[in-house]
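Here's the letter readout for the chains.
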Amino acid sequence: MRSVVPSRNPLTPHSISRRRLLAAGGVLALGPLVAACGGGDDEPSSAGNSGSGGAWTFKDDRGKTVELDKAPERLVAFVSTAAALYDYDIECEGIFGPSKPVGSKPNPQAGEMDVSKLTSLGTAFGEFNIEKYATLKPDLLISNMFPAPDLWYVPEESKDKIEALAPTVGINVARTSLLDPLRRTAELAEALGADLKAKKATDAKARFDKAVETLKAAAEANGGLKVMAMTGDDQQMYVAVPDSYCDLNYFKSLGVEFVEGKKSDEWGFWEFLSWENADKYHADLIMVDNRSHALPAKELNRKPTWRELAAIKAGQTTPWSMEERFSYAGWAPVVERLAAAVRKSKKLSA
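Scoring rules and cut-offs
- Residues numbered from 1 in each chain as written.
- Predicted model: local features only at pLDDT ≥ 70, side-chain atom pairs only at ≥ 80, totals over all residues.
- Heavy atoms only, no water.
- Helix = DSSP H or I, 4+ residues; strand = E, 2+ residues; numbered from the N terminus.
- Polar contact = N/O pair within 3.5 Å; in protein donor to acceptor, adjacent residues only side chain to side chain.
- Axes fitted to C-alpha atoms, helices over the stretch in contact; angles between N-to-C directions.
- Parallel < 35°, antiparallel > 145°, perpendicular 65-115°, else oblique.
- Left-handed = near helix turned anticlockwise from the far one by under 90°.
- Contact = heavy atoms within 4.5 Å.
- Nonpolar A, V, L, I, M, F, W, Y, C, P; charged D, E, K, R; others polar.
- Core = buried A, V, L, I, M, F, W, Y, C linked by side-chain atoms within 4.5 Å.
- Buried < 20%, exposed > 50% of the residue type's maximum accessible area, 1.4 Å probe, protein only.

## Notes on the environment of threonine 123
Mapping threonine 123 onto the fold places it in the loop between strand S7 (119-120) and helix H3 (130-135). Placed 27 residues apart in sequence, threonine 123 and phenylalanine 96 show a C-alpha to C-alpha distance of 5.9 Å.

## Observations regarding the side chain of glutamate 323
In this fold, glutamate 323 is placed in the loop between strand S15 (317-320) and helix H11 (328-344). Among the polar contacts made by the side chain of glutamate 323, one reaches the side chain of glutamine 109 at a distance of 3.5 Å.

## As for the packing of helix H6 (residues 199-221) against H11
Their axes nearest at 8 Å, the elements H6 and H11 cross at an angle of 20 degrees. When the axes of H6 and H11 are compared, the pair comes out roughly parallel. Between H6 and H11 lies a crossing of left-handed hand. Residues Ala204, Lys205, Arg207, Phe208, Ala211, Val212, Thr214, Leu215, Ala218 and Ala219 of H6 form the contact with H11, whose participating residues are Tyr328, Ala329, Trp331, Ala332, Pro333, Val335, Glu336, Leu338, Ala339, Val342 and Arg343. Considering only residue class, the contact of H6 with H11 consists of 16 nonpolar, one polar and four charged.

## Things to note about the nonpolar core
Among the nonpolar cores identified, the biggest contains 89 residues, and Trp56, Phe208 and Phe251 are the most heavily contacted of them. At nine residues, the largest contribution of residues to this core is made by H11. Among residues more than four places away in sequence, those in contact with phenylalanine 251 are Leu178, Leu215, Val256, Phe258, Trp331, Val335 and Leu338. Ranked by size, the runner-up nonpolar core spans 18 residues in total, among them Val239, Leu273, Ala278 and Ala283.

The structure is reproduced here in structure tokens:
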């Protein structure tokens, strides 16, 4: 990737450690723990009321239960998680993670939010401004997990200080079906006061369900089409291990045939290939990482081996929204886009 990103980020390969990125800082005078977070053995579920004045509880995908005297109001979340909650009309005070524009367009991870109105605690992996976080007086911090139990973009070295300021909730989005984080995010939104029966929410769910059927039909009609999901940096190309990603995992269940990258490290998200070996796998359609720190099309096209891939020559690529917000409103257009790409792509010679 163009920017240096730590190797502890399992979704961004080939980089340096988190510890080397974090400068030594003074000890913060943190306030007492806002609420206790205890473990549990039951299946994750939400509970409590949604801001009606009583006690509030929510069990996250780590099996930890947050218990508060009332529903949390001052929320801070990873940018994609905040964007998903925003789709349910739940707004956050602060965000962390990639939110800067990509080129001249809003960052796709921010969804429909106006990030200029939110307090950003840091945009790069390993960055989290604890002092600024404390000034927000948060009631709850929410993030995804790639994979559990680590909260995405919450630095390991600072997590104790961060968790001392407010309880945390984690939603697992790795090595599972896309349907799971979609359901869990909706449950969290409802616990925070969202009306899942509102027209906006039901319309989004209906659009998603229709898109799923469209993708299933496209995959069946174009059976045998090989799809590869990838990202890249200056040194290497990375082929996704489909079952490690909830979206690819789910798309497989709908009939999409993926190139199966082999696990190259302990995280198991990628197969690392030198650019000289970029043609190891044949693909008829390539899904290209659309995150802000991924190598953009202009730079990918400078790689001779990339330009020679059959799918590139045929112009058969589509964006891969690998960190899309986990709401039905967020994923419906993503599934529609993939369905259209699968439908119109042709099977190519290896």
